[in-house]
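Structural overview
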Amino acid sequence: MNLNQVKSIPKWTQSPSSPIFCSEVSMQLDLGTSEVQLQQQVHHLQIQLELERQEHTKNLQQIQKFQALLQYITEQIRDSLDDRKLLTIITQELVDLLALNRCQIELYNLCLTSATVTYEYSYSLPHCQGLTREIADFPQIYQSLLQRQIWQSVEIMPGYHSSLQLVSQLACPIFDNQEVLGNIWLIRETEASFGELEIYFLQQIANKCAIAIRQSQLYAKTKSQAKEIQKKELHKYEFIKHLAQELRTPITNISLAIQTLESLVTPVGILDPEIVSQLLQILHNECGRENKLLKDILAFTYLKNHPEPPTLITIDFANWLSPIVESFRDVTSCQQQHLHLDIQTEIPAISTDITELEQIITLLLNQACQCTPPGKSITVTAGLNADTVELKVSISGVEIPHHELLQVFQPFYRIPKYSSWQAQNTGLELILVKTMVQHLNGSIHVCSANSQVTFIMQFPLRPVF
């Protein structure tokens, strides 16, 4: 074909214009790209949803484990009063449940000046159970904890573990409506801090710990009070038993004397006037003994159950003491005993109840006269000790065994006697002395060594009632 004969090219064979063609191609490419991106976004959302589902499942499982632990703790508190066992179990369970390296429970002392790690569970060294931390050494930490606030930190712990870089620590206070009792410490090798869910459940466990500790304390207090009541009841029973024995002795002697008198007194007359005179003396002595015993019992009971404030009088103690001690001079001379009064320093005026103080000194000197062997000494020493008057009554030639020193001021305890003078000793004299000394806001104790017994008393110069 001759090209020159071709006038025109058919329309269907002609190519489209360039701009329209590029636009259509671009639209097709954009649609393909959007579809790919959409598929990627859907895939990403699927992955995100799966992760959230897994996290949600994990949280549900953790909540179930926490709830199971709380239920177990509640049952243990209900069934047992032993907080030691429960708190030990809690530290172990928290380590396993929260994947911890260490869990500690520390308890404060009464003054809230220190905290001791009382319970601990750990997979690694060092073990800190028994370690005491002084609150003043960690003011920033314990200031928050004592205000019942959570404390959390992430920090480097050099030397704690050879491969350890960072540890996350969480401390939760244990408290009730009365006071702060201690803290639960969680330690985990991680850079991430503890989550809200973990903190929430740890606070619930801390509340359970507070209940367990307080319940155990109340039980221990109740048990101690029950023991104290039982001890007092035993002492009361022993007192009544000894009292019955003391009362029976003079009554028995009186009864025997009366029976003997009856046999000596006949319608004809008295068979032996001399024996009758001796029997009457026995009756007189035993009646006096019975009367003194009843008088001491009444005085002891009154001072214990119905004490009244002492009647205070200001006296010159040295001048007041001297005649009371000297009144025993004749008795000690007759028994070949040596009586000494030693006022060591100048004693200022003292306010006291002179009636009770005189009874105290008289009772002690009576005891001394009965217990001191012939040739031995009774020494009364008075002096000033700080703001108190110190009064000592020392008896030489006699010694109280060490294991009996705590019994000296118990009812019916008797120091061994060497003299028969004033033998009507009821056994209540020393407990009366202690009761009256305490009534005057004073103190008394006894010591014994090297064949000597010393009663040491201290009285305030200006007692306050």
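You'll find the structure just up there.
Rules and cut-offs
- Residues numbered from 1 in each chain as written.
- Predicted model: local features only at pLDDT ≥ 70, side-chain atom pairs only at ≥ 80, totals over all residues.
- Heavy atoms only, no water.
- Buried < 20%, exposed > 50% of the residue type's maximum accessible area, 1.4 Å probe, protein only.
- Helix = DSSP H or I, 4+ residues; strand = E, 2+ residues; numbered from the N terminus.
- Pairing = 2+ DSSP bridges.
- Salt bridge = Lys/Arg side-chain N within 4 Å of Asp/Glu carboxyl O.
- Contact = heavy atoms within 4.5 Å.
- Axes fitted to C-alpha atoms, helices over the stretch in contact; angles between N-to-C directions.
- Expected span 1.5 Å × (residues − 1).
- Polar contact = N/O pair within 3.5 Å; in protein donor to acceptor, adjacent residues only side chain to side chain.
- Phe/Tyr/Trp six-rings, centres within 6.5 Å; stacked < 30°, edge-to-face > 60°.
- Lys NZ or Arg CZ within 6 Å of the ring centre and 35° of its normal.
- Parallel < 35°, antiparallel > 145°, perpendicular 65-115°, else oblique.
- Left-handed = near helix turned anticlockwise from the far one by under 90°.
- Nonpolar A, V, L, I, M, F, W, Y, C, P; charged D, E, K, R; others polar.

A few words now on the pairing of strand β1 (residues 102-108). The buried fraction of β1 is high, at six of seven residues. One ladder, built from seven bridges, connects β1 with strand β2 (residues 114-122); its direction is antiparallel. Paired with Tyr 108 across the bridge in β2 is Ala 115. The turn joining β1 and β2, which pair antiparallel and follow one another in sequence, is formed by five residues; a positive phi near 60 degrees is taken by Leu 112. Of the strand pairs in this sheet, β1 and strand β6 (residues 180-188) are connected by six bridges, and their pairing is antiparallel. Residue Glu 106 lies in a different strand from β6, and its bridge partner there is Asn 183.

Here the structure, examined in full by the defined rule, presents ten salt bridges. In this structure, the salt-bridge partner of Asp 79 is Arg 78, at a minimum N-O distance of 2.8 Å. In this structure, the salt-bridge partner of Arg 188 is Glu 198, at a minimum N-O distance of 3.2 Å. Linking Arg 188 in strand β6 with Glu 198 in helix α4 (residues 196-264), this pair joins segments that are ten residues apart in sequence. For the pair Arg 188 and Glu 198, one class covers both residues: buried. Among the charged side chains, a salt-bridge network with shared partners connects Asp 176, Glu 179 and Arg 214.

Let us now look at the side chain of Ser 114. One can find Ser 114 in strand β2. On the basis of relative accessibility, which here comes to 10%, the residue Ser 114 falls in the buried class. Excluding residues that lie within four positions of it along the chain, Ser 114 makes contacts with Leu 107, Tyr 108, Asn 109, Thr 132, Arg 133, Glu 134 and Ile 135.

The strand order across the open sheet built from five strands is β8-β10-β11-β13-β12, with neighbouring strands paired in mixed fashion. Here the strands that pair on one side only, and so sit at the sheet edges, are β8 (338-343) and β12 (443-448). Across this sheet, the average inter-strand angle for adjacent strands is 15 degrees, counted without regard to direction. Examined bridge by bridge, strand β11 (residues 388-396) and strand β13 (residues 452-460) share nine bridges and lie antiparallel to one another. The partner of Leu 391 across the bridge, within β13, is Met 457.

On to helix α5 (residues 273-305), then. For α5, with 33 residues, the first-to-last C-alpha span of 48 Å sits near the 48 Å given by 1.5 Å per residue. Residues of α5 that are buried include every one of Val 276, Leu 279, Leu 283, Glu 286, Glu 290, Leu 293, Asp 296, Ile 297, Phe 300 and Leu 303, and no others.

For the rest of this paragraph, the subject is helix α8 (residues 354-371). With 18 residues, α8 extends 26 Å from end C-alpha to end C-alpha; this agrees with the ideal 26 Å at 1.5 Å per step. Within α8, 13 of the 18 residues are buried, which leaves the element mostly enclosed by the surrounding structure. The opening residue of α8 is Asp 353, an N-cap whose side-chain oxygen sits 3.1 Å from the backbone nitrogen of Thr 355.

Before going further, it helps to examine the packing of aromatic side chains. Under the counting rule described, the total for this entry stands at eight aromatic pairs. Look at Phe 317 and Trp 320: their rings are 6.1 Å apart centre to centre, the planes differ by 35 degrees, and that puts the pair in the tilted class. In this pair, Phe 317 and Trp 320 are both assigned in helix α6 (residues 317-326), three residues apart and thus about one turn of the helix distant. With a relative accessible area of 1%, Phe 317 lands in the buried category. Among the aromatic residues, those joined into a cluster by ring pairs are Phe 66, Tyr 200 and Phe 201. Positioned over the ring face of Trp 185 is Arg 133, at 5.6 Å from the centre of the ring.

Here helix α2 (residues 83-97) crosses α4 at 165 degrees, and the two axes come no closer than 9 Å. Overall, the two elements α2 and α4 adopt an arrangement that is roughly antiparallel. For α2 against α4, the interelement crossing comes out left-handed. Residues Asp 83, Leu 86, Leu 87, Ile 90 and Leu 94 of α2 touch α4, and the partners they reach there are Leu 202, Ile 205, Cys 209, Ala 212, Ile 213 and Ser 216. Its residues assigned to classes, the contact of α2 with α4 shows nine nonpolar, one polar and one charged.

The values are spatial; any link to function lies outside them.
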